[in-house]
Amino acid sequence: MKKLFFLLILGLLYGCEEVIDLEVPSAPQKLVIDALITKSIFDTQKASVEVKLMNTSDYFDASIPTVSGADVKITNVSTNEIWSISESDDKGTYSMENVVLDTLSPYQLTITIEGEIYEATSQLVRSVPIKSVVQGDQTLFTGDETEIILSYQDVKDREDYYFIDFGYNNYFVGTDKFYDGSDFSFSFFYDEDFPKNEEVFISMLGIDEAAYNYFRILLSQSGQGGGGPFSTPSSTLRGNIQNSTNPENFPLGYFRISEKDQVPFTAE
Amino acid sequence: MKRHPFVLVFLFCFFFVSAQKNTTLSGLITASESNESLIGVTILIPELNTGTVSNSYGFYSISVPSGTYEVYVRFLGFKELKTQIDLSQNVELNIALDETSEELEEVFVSSSIEDIILRKPQMSLNSLTAKTIRQTPTVLGEADVLKAIQLLPGISSAGEGASGFNVRGGAADQNLITLDEAIIFNSSHLFGFFSVFNPDAIKDLKLYKGGIPAKYGGRVSSVLDIYQKEGNSKEFKMNGGIGLISSRLIAEGPLEKDKGSFLLGARGTYAHLFLKLSDNPNSAYFYDLNTKLSYQFDKNNRMYLSGYFGRDVFNIDQSFLAVYGNSVFNLRWNHLFSPKLFSNLSLIYSDYYYGLTLDFVGFNWDSGIRNFNLKYDFKNYITDKTTLNFGVNAIHYTFNPGSIEPNRDTSGINPSQLDKKTAFEGSLYADATQQISERFSIQYGLRINHFIRFGQKGMNLYANDQPVIYNAQLGIYESAAITGEYPDTNTSKSIENYTHFEPRLTLSYGANEYSLKVSYNRINQYLHLISNTNSPTPLDVWAPSGPYIKPQQLDQWAFGYFKKYNTSYSLQTEVFYKDIKNRLDYIDGADLVANEAIERVLLNGKSRAYGLEILFKKSQGAFQGWLAYTLSKSEQQTPGIGQGDPGINQGEWYDTPYDKTHDLSITGSYQLSTKWRLNGNFILQTGQPVTYPNGQYEIAGIVAPNYGLRNENRLPAYHRVDISATYSPKNQKRWKNEWVFGIYNLYNRKNAASIAFRQNTKTMTNEAVRFSIFGIVPAITYNFKF
């Protein structure tokens with residue numbers, strides 16, 4: 001919210017943007033683990049697992065290298081049931097469909113690569129169904145924006161955090177701190193590049209407070225300016241995964257288990 | 001309590017020092033045309049090799065052995081006055097000086113007189129007259145107080161678009177800014193593009209960067225003391241200016257001829273109206289109002305009533321509205337107990353408000369600080385060699401961190417009120433300036449502060465009193481769980497208090513045309529601006545010290561060498577070292593918006609700054625100006641909470657966001673003819689510290705940069721040239737006017753205000769995008785006076 005404010009204000013004033021050539025430092029590669037288990041909000045137990053492994057690359061490189069041949073396992077901590085997640089045809093992506101998720105149990109992710117073991121624990125975080133997505137007619141700043149109004153009924157007395165994918169690289173994370181238990185709606189504004197007359201899926205995932213902080217910082221780091229009065233100092237973003245064999249060599253990335261709802265939306 | 005006998009002892013010393021029979025020459029110094037009191041006028045008695053200076057209310061007093069003397073009165077911009085006074089008994093002499101546009105002629109006074117002034121033990125002080133401020137070319141043609149002071153050494157900002165300013169490597173919340181003795185919390189309009197001070201309403205400005213006298217306290221880096229004009233008590237006058245972006249108007253006149261006056265000033269921008277014309281529904285504007293009423297009851301009593309009201313408004317197509325600003329109201333009473341004892345009592349009410357309405361979320365947020373302040377300051381001009389300042393100051397604060405409510409019926413927002421905080425800051429001070437010998441003088445003082453944080457609802461308790469814990473497994477800092485609340489919520493009872501003694505000392509040694517000065521001061525700061533952005537923003541909240549936030553504590557040493565080459569040239573060089581304990585920093589990604597328990601994201605550390613300042617000035621002749629160069633370092637260290645954790649940046653020292661290694665400003669003004677004056681600036685600075693990414697990765701479809709340690713890189717160097725020309729047509733009697741033509745950033749350098757690292761959504765590659773605020777900006781302003 002605060003970041004939005006400042007981007008708007010800076011844009012409003014006499015300012016100009018220019019892509020420049022800049023030399024940035026280069027750091028040794030780091031392993032990145034993007035692990036997500038999602039269960040549809042309407043399904044009692046069936047879930048899908050997707051784990052993406054990659055290494056960091058230099059900032060201006062054209063691609064990010066994936067990591068193949070890792071051993072990926074997910075264990076139900078209460079029952080010790082193990083799922084072996086195998087690599088799919090998509091290199092670096094390890095997935096499994098139609099698993100039966102124990103909604104009350106924590107799960108441990110264990111990845112072994114070249115003798116080092118990476119571990120993380122997570123548990124299902126509940127969400128709520130999306131009541132509606134409708135297009136509005138307001139604009140925000142340039143007058144070319146497309147407004148989308150998202151509505152949902154928040155659950156009272158439960159600390160809820162939401163990760164919302166609005167499609168086309170538009171993401172948002174929110175907290176119910178100021179609207180706990182309410183029938184809540186808010187507007188999101190797409191810029192003029194957002195396609196019209198094309199079906200896009202809007203999804204809403206439940207996350208916990210630690211994941212909310214992680215994604216809030218990730219989104220802020222991936223779009224905001226370095227330097228300038230409104231930046232907060234950036235530094236390495238740690239997730240919830242550790243390297244048990246060699247703690248100094250920690251991986252980046254996050255492991256989360258979310259309840260998910262997804263609705264289609266077509267802008268006019 | 002141990003210190004009090006010390007204070008009493010030195011107070012007593014003075015009454016015995018002046019054993020000879022002493023007579024006093026005292027009075028008020030005003031400008032003859034308007035009766036406006038003049039601050040900082042020099043009154044000299046060359047025969048006795050002594051002199052004094054008029055105070056912030058235009059009052060002067062000098063006590064010497066009885067006799068008849070020649071007295072010289074000098075002030076820049078006014079005709080020098082020379083008169084003979086028979087001081088066989090106390091004489092009250094009110095002096096009215098005539099303005100002159102001619103340069104001061106060195107006919108009456110020899111250069112040794114300058115030394116008297118040079119020997120005064122005040123260092124690290126910059127004064128600016130309203131005239132100098134108006135002459136410096138600026139963006140959009142608007143003369144500006146904060147832009148002008150940044151041309152002086154040791155003063156900079158965190159970049160274009162940054163609110164506030166940084167003094168000697170200090171943070172923007174460490175500056176005590178006062179307007180007619182009232183505290184101003186936000187000194188900028190529109191993110192630093194304008195200051196909140198209308199230059200036409202200002203009489204005098206002093207900026208203390210170090211050697212801060214005991215009269216001031218509460219902010220560790222500097223004191224910016226600004227006094228407004230009282231208004232012309234002889235006749236009605238108006239002056240103003242019309243510019244491309246903003247305009248201002250001042251009306252002043254007598255309430256009762258020669259006894260009372262009023263001043264009314266208004267200023268505002270209207271650039272947003274151009275946006276409306278082009279169908280752009282957004283607007284950003286500010287306005288401010290200055291008012292002052294002054295009345296002289298009799299020769300010993302004067303009263304002033306001042307007010308200031310300013311607001312900034314940002315409106316983005318009705319979806320988003322932000323409003324913030326200061327309001328201040330104060331009543332002051334100058335009373336002369338005797339020709340040697342001057343006093344000023346101030347009663348001040350100040351309010352800083354900030355509010356946000358987000359219609360697209362349905363959310364309305366109001367926040368603010370309110371304070372009541374009582375100050376009683378005394379100045380005792382004991383002899384011409386000894387002056388004593390003492391007084392008391394009491395401030396009561398109420399902080400509203402946020403009142404949240406729905407802004408329309410269809411909003412799902414629940415109303416809530418974040419817990420209000422209250423605090424009290426009280427101080428006693430005494431400070432003496434003594435000329436020990438012909439060359440050696442000293443200023444020493446002590447300030448004693450007592451700060452109380454009162455009880456409130458919602459003051460949390462944590463296990464082991466640790467609101468932040470370190471998760472060693474994940475290698476991150478986390479907020480600790482709240483284990484309960486302080487049981488006593490009584491807002492009249494103290495839950496934490498601090499008592500501090502602050503010694504202040506300056507020594508000065510003066511010889512022919514040069515002087516050496518050294519100073520030490522200790523200052524504590526009890527209010528902190530909670531902000532983890534590089535520069536303050538209007539949404540940032542001020543928080544008082546308490547059980548989890550300790551007061552910042554500064555020790556500053558400075559050493560300076562001052563030399564006057566002849567009447568035109570002077571050189572000031574200073575080196576300084578500052579050490580600040582309890583400087584806060586934030587855990588990575590701390591979310592400060594509407595955060596009720598700030599202590600859960602704070603880490604305590606320290607900061608330090610050191611540097612060299614050089615100011616070379618030419619103050620007379622057709623060409624005047626100065627060159628200011630500062631070489632400095634400002635860094636901080638946040639070592640961790642003692643749980644085996646590394647702290648920020650591995651516990652090493654790292655640059656503060658406003659560290660500027662080199663800062664060079666050259667400014668000049670040339671009177672080409674009687675009608676034309678040319679002004680120019682050249683500014684060159686090291687780029688600000690920034691963190692560049694050292695890699696990239698992708699999570700949940702988000703392509704993110706990877707970063708290493710904080711603030712290890714620099715933005716490109718900042719430099720620009722500004723020029724302006726002022727045209728004043730001849731023969732102006734009743735209606736005086738001038739045109740100012742200016743160009744900001746003459747060679748259109750796109751200085752980086754920030755660099756964003758993001759993925760280009762069309763090409764799907766990463767790019768570095770430089771954002772710059774001002775390219776070349778021409779401006780025209782029309783100023784008038786009648």
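Residues numbered from 1 in each chain as written. Chains lettered and ligands numbered in written order. Predicted model: local features only at pLDDT ≥ 70, side-chain atom pairs only at ≥ 80, totals over all residues. Heavy atoms only, no water.

Chemist: Explain the overall build of chain B to me, please; I cannot follow it from the model alone.
Modeler: If you tally the helices and strands in chain B, you get five helices and 53 strands. Whereas a compact globule of 786 residues would reach a radius of gyration of roughly 28 Å, chain B reaches 27 Å, a difference of no more than 12%. Across its three principal axes, chain B shows a C-alpha extent of roughly 85 × 65 × 50 Å. Counting only residues that meet the buried cut, chain B has 62% of its 786 residues in that class. Accessible surface, chain B as shown: approximately 29200 Å² in total, 58% of it carbon and sulfur. Of the side-chain charges in chain B, 74 are positive and 73 negative, and the distance between the mean point of each set is 4 Å. (Helix = DSSP H or I, 4+ residues; strand = E, 2+ residues; numbered from the N terminus. Rg over C-alpha atoms; globule rule 2.2 N^0.38 Å. Buried < 20%, exposed > 50% of the residue type's maximum accessible area, 1.4 Å probe, protein only. Areas by Shrake-Rupley, 256 points an atom, 1.4 Å probe, with all protein chains shown as cover. Lys, Arg positive; Asp, Glu negative; His and termini not counted. Charge placed at Lys NZ, Arg CZ, Asp CG, Glu CD.)

Chemist: Sorry, what's going on with the overall build of chain A here?
Modeler: Helix and strand counts for chain A come out as two helices and 18 strands. Over its C-alpha trace chain A gives a radius of gyration of 20 Å, about what one expects of a compact globule, namely 18 Å for 268 residues. On the principal axes, the C-alpha backbone points of chain A span a range of 55 × 50 × 35 Å. Within chain A, the proportion of its 268 residues that are buried is 54%. Taking the contacts inside chain A whose residues are at least 6 apart along the sequence as the reference set, 65% of them involve residues at least 24 apart. Here chain A displays about 11900 Å² of accessible surface, and carbon together with sulfur accounts for 47% of that area. Charged side chains in chain A number 18 positive and 42 negative. The centres of these two groups are separated by 6 Å. (Contact = heavy atoms within 4.5 Å.)

Chemist: It is not clear to me how the interface of chain A and chain B should be interpreted in this structure. Could you clarify?
Modeler: When the parts of a complex come together, some accessible area is lost, and that lost area is often taken as the interface size. Each side of the interface is counted separately: chain A has 87 residues, and chain B has 91 residues. Carbon and sulfur atoms make up 60% of the area that chain A and chain B hide from each other, which totals about 7900 Å². Run the count over chain A and chain B and you get two salt bridges. Where B:Arg770 meets A:Glu18, a salt bridge forms, and the shortest distance between an N and an O atom there is 3.1 Å. Applying the counting rule to chain A against chain B returns 19 residue pairs in polar contact (both at pLDDT 80 or more). At the level of secondary structure, the elements contributing two or more residues to the side of chain A that touches chain B comprise α1 (2-12), β1 (16-20), β2 (31-40), β14 (183-190), α2 (209-223), β16 (225-226) and β18 (252-266) of chain A. Sort the elements by how many residues they give to the side of chain A that touches chain B and α2(A) lands first, with ten residues. A class-by-class count of the residues in the side of chain A that touches chain B yields 45 nonpolar, 28 polar and 14 charged. With five bridges joining them, β1(A) and strand β52 (residues 766-772) of chain B adopt antiparallel strand pairing. Residue A:Val19 lies in a different strand from β52(B), and its bridge partner there is B:Val769. (Buried area = accessible area lost by both parts, 1.4 Å probe. Salt bridge = Lys/Arg side-chain N within 4 Å of Asp/Glu carboxyl O. Polar contact = N/O pair within 3.5 Å; in protein donor to acceptor, adjacent residues only side chain to side chain. Nonpolar A, V, L, I, M, F, W, Y, C, P; charged D, E, K, R; others polar. Pairing = 2+ DSSP bridges.)

Chemist: Where do I start with unusual backbone geometry in this structure?
Modeler: Glycine aside, negative phi is the norm for most residues, and most peptide bonds take the trans geometry. All names here are of chain A. The phi dihedral of Asn98 falls on the positive side, at around 50°, and the residue is not glycine. Along the chain, Asn98 falls in strand β6 (residues 93-100). Looking at Asn98, the relative accessible area reads 55%, which means it is exposed. A positive phi angle is found at Asn169, which is not glycine, with a value near 60°. Of the residues examined, Asn169 reaches a relative accessible area of 33% and is grouped as partly exposed.

Chemist: How should I be thinking about the environment of B:Leu151 in this particular structure?
Modeler: Residues and elements named next belong to chain B. One can find Leu151 in the loop between α4 (145-149) and β10 (155-156). When the C-alpha positions of Leu151 and Thr667 are compared, they lie 7.5 Å apart, and in sequence the two are 516 residues distant. Not counting chain neighbours up to four residues away, the residues in contact with Leu151 comprise Thr136, Trp626, Ala628, Ser665, Thr667, Asn681 and Ile683.

Chemist: How should the sheet that holds strand β2 (residues 42-45) of chain B be read in this particular structure?
Modeler: Pairing between the strands of a sheet comes from backbone hydrogen bonds, and it takes one of two forms, parallel or antiparallel. Residue and element names in this part refer to chain B. One open sheet holds the four strands; their spatial order is β3-β2-β5-β6, and the pairing between them is antiparallel. Of all strands in the sheet, those bounded by a partner on one side alone are β3 (50-53) and β6 (81-87). Strand-to-strand twist of the sheet, defined as the mean angle between neighbouring strand axes without regard to direction, takes the value 25°. As defined by bridge partners, β2 adjoins strand β5 (residues 67-74) across three bridges and the pair is classed as antiparallel. (Axes fitted to C-alpha atoms, helices over the stretch in contact; angles between N-to-C directions.)

Chemist: Even after reading the chapter, I still don't get the sheet that holds strand β11 (residues 146-153) of chain A, so can you show me in this structure?
Modeler: Residues and elements named next belong to chain A. Spatial strand order, β10-β11-β14: three strands in an open sheet with antiparallel pairing. Looking at strand neighbours, the two that pair on one side only are β10 (130-136) and β14, the edges of this open sheet. Ignoring which end each strand starts from, the neighbouring axes of this sheet average 20° apart. Note that β10 and β11 share six bridges and pair antiparallel. Pairing of Val134 across the sheet is with Ile149, part of β11.

Chemist: I would appreciate a short explanation of the pattern of salt bridges in the present structure.
Modeler: Working definition: two side chains of opposite charge can pair if their charged atoms are close together. All names here are of chain B. In this structure the tally under the stated criterion is 42 salt bridges over all chains. Among the salt bridges present, the one from Arg504 reaches Glu502, with a minimum N-O distance of 2.5 Å. Residues Arg504 and Glu502 agree in their burial class; the two are buried. Here Arg522 ties to Asp555 by a salt bridge, and the two come within 3.0 Å at their closest N and O atoms. Taken together, the positions of Arg522 in strand β35 (residues 514-525) and Asp555 in strand β38 (residues 552-564) put the pair 33 residues apart, joining distant regions of the chain.

Chemist: Help me understand the pairing of strand β17 (residues 222-228) of chain B in this model?
Modeler: Every regular strand shows the same layout, with side chains that alternate between the two sheet faces. All names here are of chain B. With seven of seven residues buried, β17 is to be regarded as a mostly interior element. Burial of β17 is two-sided: the residues Ser222, Leu224, Ile226 and Gln228 facing one way and the residues Val223, Asp225 and Tyr227 facing the other way are all buried. Across six bridges, the pairing between strand β16 (residues 202-208) and β17 is antiparallel. Bridge assignment links Leu207 to a residue of β17, and that residue is Leu224.

Chemist: Sorry if this is basic, but what is going on with the pairing of strand β47 (residues 702-706) of chain B here?
Modeler: By the criterion of burial, β47(B) is predominantly enclosed, with five of the five residues buried. Residues of β47(B) alternate between two faces, with B:Ile702, B:Ala704 and B:Asn706 on one and B:Val703 and B:Pro705 on the opposite face, all of them buried.

Chemist: Quick question: what am I supposed to make of a nonpolar patch on the surface here?
Modeler: Residues and elements named next belong to chain B. There is a patch of nonpolar side chains on the surface, built from Leu244, Phe623, Tyr670, Leu672, Trp676, Leu678, Trp739, Phe741 and Ile780 and spanning about 800 Å² of accessible area. Here Trp676 is to be found in strand β44 (residues 676-685). Owing to a relative accessible area of 32%, Trp676 belongs among the partly exposed residues under this scheme. (Patch = residues over 30% accessible without salt bridge, like charges linked within 9 Å, V, L, I, M, F, W, Y side chains within 5 Å.)

Chemist: I would appreciate a short explanation of the environment of A:Glu114 in the present structure.
Modeler: Residue and element names in this part refer to chain A. Residue position: Glu114 is located in the loop between β7 (107-113) and β8 (116-122). Given a relative accessible area of 81%, Glu114 falls into the exposed group. Linking Glu114 and Asp71, residues 43 residues apart in sequence, is a C-alpha distance of 9.5 Å.

Chemist: Just checking my understanding: could you explain the environment of B:Val220 for this structure?
Modeler: All names here are of chain B. The residue Val220 is located in the loop between β16 and β17 in this model. Residue Val220 is classed as buried on the basis of its relative accessible area, which comes to 0%. When the C-alpha atoms of Val220 and Ser283 are compared, they prove to be 36 Å apart, with 63 residues separating the residues in sequence.

Chemist: Can you walk me through the packing of aromatic side chains in this structure?
Modeler: The way to describe two aromatic rings as a pair is by their centre distance and the angle between their planes. Counted according to the given criterion, the structure contains 61 aromatic pairs over all chains. Here the aromatic rings of A:Phe166 and A:Phe188 are separated by 4.2 Å at their centres, their planes lie at 10°, and the arrangement is stacked. With a gap of 22 residues between them, A:Phe166 in strand β12 (residues 161-167) and A:Phe188 in strand β14 connect regions that are remote in the sequence. A relative accessible area of 0% places A:Phe166 in the buried class. Judged by its relative accessible area of 12%, A:Phe188 is buried. Aromatic side chains B:Phe194 and B:Phe286 sit 5.0 Å apart centroid to centroid with 50° between the ring planes, which places their arrangement in the tilted category. One end of the pair, B:Phe194, is in strand β15 (residues 194-195); the other, B:Phe286, is in strand β21 (residues 282-298), with 92 residues separating them in the sequence. For the pair shown, B:Phe194 and B:Phe286 are each scored as buried. Linked through ring pairs, A:Tyr152, A:Tyr162, A:Phe166, A:Tyr168, A:Phe172, A:Tyr179, A:Phe184, A:Phe186, A:Phe188, A:Tyr190, A:Phe194 and A:Phe265 together constitute an aromatic cluster. Of note, A:Arg238 hangs over the ring of A:Phe250, and the distance from its end group to the ring centre comes to 3.5 Å. Positioned over the ring face of B:Phe562 is B:Lys517, at 5.0 Å from the centre of the ring. (Phe/Tyr/Trp six-rings, centres within 6.5 Å; stacked < 30°, edge-to-face > 60°. Lys NZ or Arg CZ within 6 Å of the ring centre and 35° of its normal.)

Chemist: Help me out: how do you make sense of a positive patch on the surface in this one?
Modeler: Residues and elements named next belong to chain B. Taken together, the side chains of Lys733, Arg734, Lys736 and Lys785 define a basic patch exposed on the protein surface. Positionally, Lys736 belongs in strand β50 (residues 736-744). You can call Lys736 partly exposed: its relative accessible area is 37%.

Chemist: For this particular structure, what's the right way to read the confidence of the model for chain B?
Modeler: Detailed reading of the predicted model is not advised wherever pLDDT is low. Residues and elements named next belong to chain B. Put simply, chain B has an average pLDDT of 87, and 93% of its residues get 70 or more. A low-confidence stretch, residues 1-19 (pLDDT under 50), is modelled with 19 contacts involving residues beyond four sequence positions or located in other chains. Note on residues 103-112: pLDDT under 50 across the span, and 16 contacts to partners over four residues away in sequence or across chains. Here the predicted complex carries an ipTM of 0.91, next to a pTM of 0.88. (pLDDT = per-residue confidence, 0-100.)

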